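# Coordinate inspection notes
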Amino acid sequence: MNILLISAFEKSYFLAKTLCGQGHHITLISKDQELCRSLYEAFDIPGVLGDAGNPEILEQADISKMDVLIALCENDADNLVICELAKREYHIKSAISIVSNPANIAFFKQNGVDYCVSESDLIDSIIRKGDISNNIRKFLPSGDHDVVVHEVILNAKSPVLNKKIWEIPLPPQSIVGCIVRDGRALIPQGTTECRNNDKLIVIAASSVMQDAVSLLS
Amino acid sequence: MGIFHKTKKPSIVIIGCGHFGYPIVQFLLEQDIRLTVIDANPDVFAKMPLSLNGLMVTGDGTDPDTLDAAGITGADAVIAATNDDAANIMIAQMIKQRYHIDQVIARLYDTSKEKTYRELGVQVINPAMLFTNACFQTWNKAVGEV
């Protein structure tokens, strides 16, 4: 793919390295001469020195031949303007932007930015997930009676398809704790029916988990 | 009897109180309006007169939290007058879309993006073009008078 990378961050060096390693063709627009030089010397990446908010600079970087634009400017406003120009004037297929203020993510998407990456949002979600898993660990007894969580995705051949939860002879010490259906989590009752493509989250003592899983899949 | 008759003063918000915004703020302070000024740098408010009849808010104008804190909902007009073209564009779009205020004007120095944003419904004023037009008008008038 042809990727237009817009950045003045030193960190972009490693992103460029990864993308080049995957066989993509990168072009860089940067206000930082040193970054242009280092990416050219290391990976033969052509660079345009200047402000990507200026359509002339975008054209110098051959924006009309690009498939993806990645905007990594420090300022949210700069990223938004660059993505909007690329989408509206040059009809780029996909625009990816970092967003410093997570409160602006919805606004960016509303204005045509296809993917938003927010560092603060990512770190926040990792911390939240960490909290959840810490809590789970806290409540699961340890030692000989270790409890494990396993996910089973049902397919057309699954023996429990269209059966209600209570009809499944799950071994003692095991339970279907959650069903993820069409991207939504639901806590099953005994009368909940299993459907194709359901993701069942099974919680069981480690000694019976294997039996429970083979019963479902 | 008009004594109890109260008309609502128009409410205007200026975002950015630097080289460009400050003279606008000074002018508007003398008008009979409700004025709110937002700037990221609290130092700019130090030069305001003490008798100032307006609300000063310190914060980033592209942050919806700042705009909410400034009570932007219900404003009659907004001027995005920071020294950054991209910030002015973003502010103008945000105010139109999120707060449904139509009277938003963004100051732009760079003419290359003007067309794109006019098409998007952002009202743009370019100070350099205004000055140039004023010059031509003055010259044309002078030529006409000769």
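Below is a summary of the structure that appears in this document. Just so you know, these numbers come straight off a predicted model, no measurement behind them.

## Description of the overall build of chain B
- Per the secondary structure count, chain B includes 5 helices and 6 strands.
- In chain B, the order of α-helices and β-strands from amino to carboxyl end is β-α-β-β-α-β-α-β-α-β-α.
- Seen along its three principal axes, the alpha-carbon backbone of chain B occupies a region of about 55 × 40 × 35 Å.
- Among the 146 residues that make up chain B, the fraction classed as buried is 30%.
- Sequence separation of at least 24 residues holds for 46% of the intrachain contacts in chain B that already meet a minimum separation of 6.

## Considering the sheet that holds strand 3 (residues 47–49) of chain A
All names here are of chain A.
- Read from one edge of the open sheet, 6 strands run 3-2-1-4-5-6, paired in parallel fashion. Unpaired on one side and paired on the other, strand 3 and strand 6 (115–117) mark the two borders of the sheet. Taken over all neighbouring pairs, the strand axes of this sheet differ in orientation by 15 degrees on average, direction set aside.
- The sheet contacts of helix 1 (residues 12–21) involve strand 1 (2–7), strand 2 (25–30) and strand 4 (68–72), and relative to strand 1 the element is tilted by about 175 degrees.
- Of the strands in this sheet, strand 2 and strand 3 touch helix 2 (residues 33–43), which is tilted by about 170 degrees from strand 3.

## With respect to the interface of chain B and chain A
- Facing 16 residues of chain B, the contacting portion of chain A comprises 18 residues.
- Breaking the side of chain B that touches chain A down by element, the ones donating at least two residues are helix 2 (64–69) and helix 3 (85–99) of chain B.
- Ranked by residue count, the leading element in the side of chain B that touches chain A is helix 3 of chain B, at 7 residues.
- Among the residues making up the side of chain B that touches chain A, the classes are represented as 6 nonpolar, 5 polar and 5 charged.

## Quick notes on the sheet that holds strand 1 (residues 11–15) of chain B
Residues and elements named next belong to chain B.
- One open sheet holds the 6 strands; their spatial order is 3-2-1-4-5-6, and the pairing between them is parallel. Across the chains shown, the open sheet's two edge strands, defined by having one partner strand only, are strand 3 (54–58) and strand 6 (123–125). The average undirected angle you get between the axes of adjacent strands in this sheet is 20 degrees.
- For strand 2 (residues 34–39) and strand 3, the ladder comprises 5 bridges, and the chain directions are parallel. Considered in strand 3, the bridge of Leu35 is made with Gly54.

## Quick look at the nonpolar core
- Ranked by size, the top nonpolar core spans 69 residues in total, and within it Ile6(A) and Leu69(A) carry the most contacts.
- The biggest single contributor to this core is helix 3 of chain B, with 8 residues.

## Focus: the pairing of strand 2 of chain A
Residues and elements named next belong to chain A.
- Summarising burial for strand 2: 5 of the 6 residues are buried, a large majority.
- As paired elements, strand 1 and strand 2 share 5 bridges and run parallel to each other. Looking at strand 2, one finds that Leu4 is bridged to Thr27.
- Once the chain exits strand 1 it traverses helix 1 before rejoining the sheet at strand 2, and the crossover so formed is right-handed.
- Relative to strand 3, strand 2 is paired through 3 bridges, and the arrangement is parallel. Paired with Ile29 across the bridge in strand 3 is Val48.
- After leaving strand 2, the chain enters helix 2 and then returns to the sheet as strand 3, a path that is right-handed.

Conventions and cut-offs
Residues numbered from 1 in each chain as written. Chains lettered and ligands numbered in written order. Predicted model: local features only at pLDDT ≥ 70, side-chain atom pairs only at ≥ 80, totals over all residues. Helix = DSSP H or I, 4+ residues; strand = E, 2+ residues; numbered from the N terminus. Buried ≥ 20, exposed ≤ 12 C-beta atoms within 10 Å, placed from the backbone. Contact = placed C-beta atoms within 7 Å. Pairing = 2+ DSSP bridges. Axes fitted to C-alpha atoms, helices over the stretch in contact; angles between N-to-C directions. Nonpolar A, V, L, I, M, F, W, Y, C, P; charged D, E, K, R; others polar. Core = buried A, V, L, I, M, F, W, Y, C linked by C-beta atoms within 7 Å. Right-handed = clockwise from strand over helix to strand, strands pointing away.

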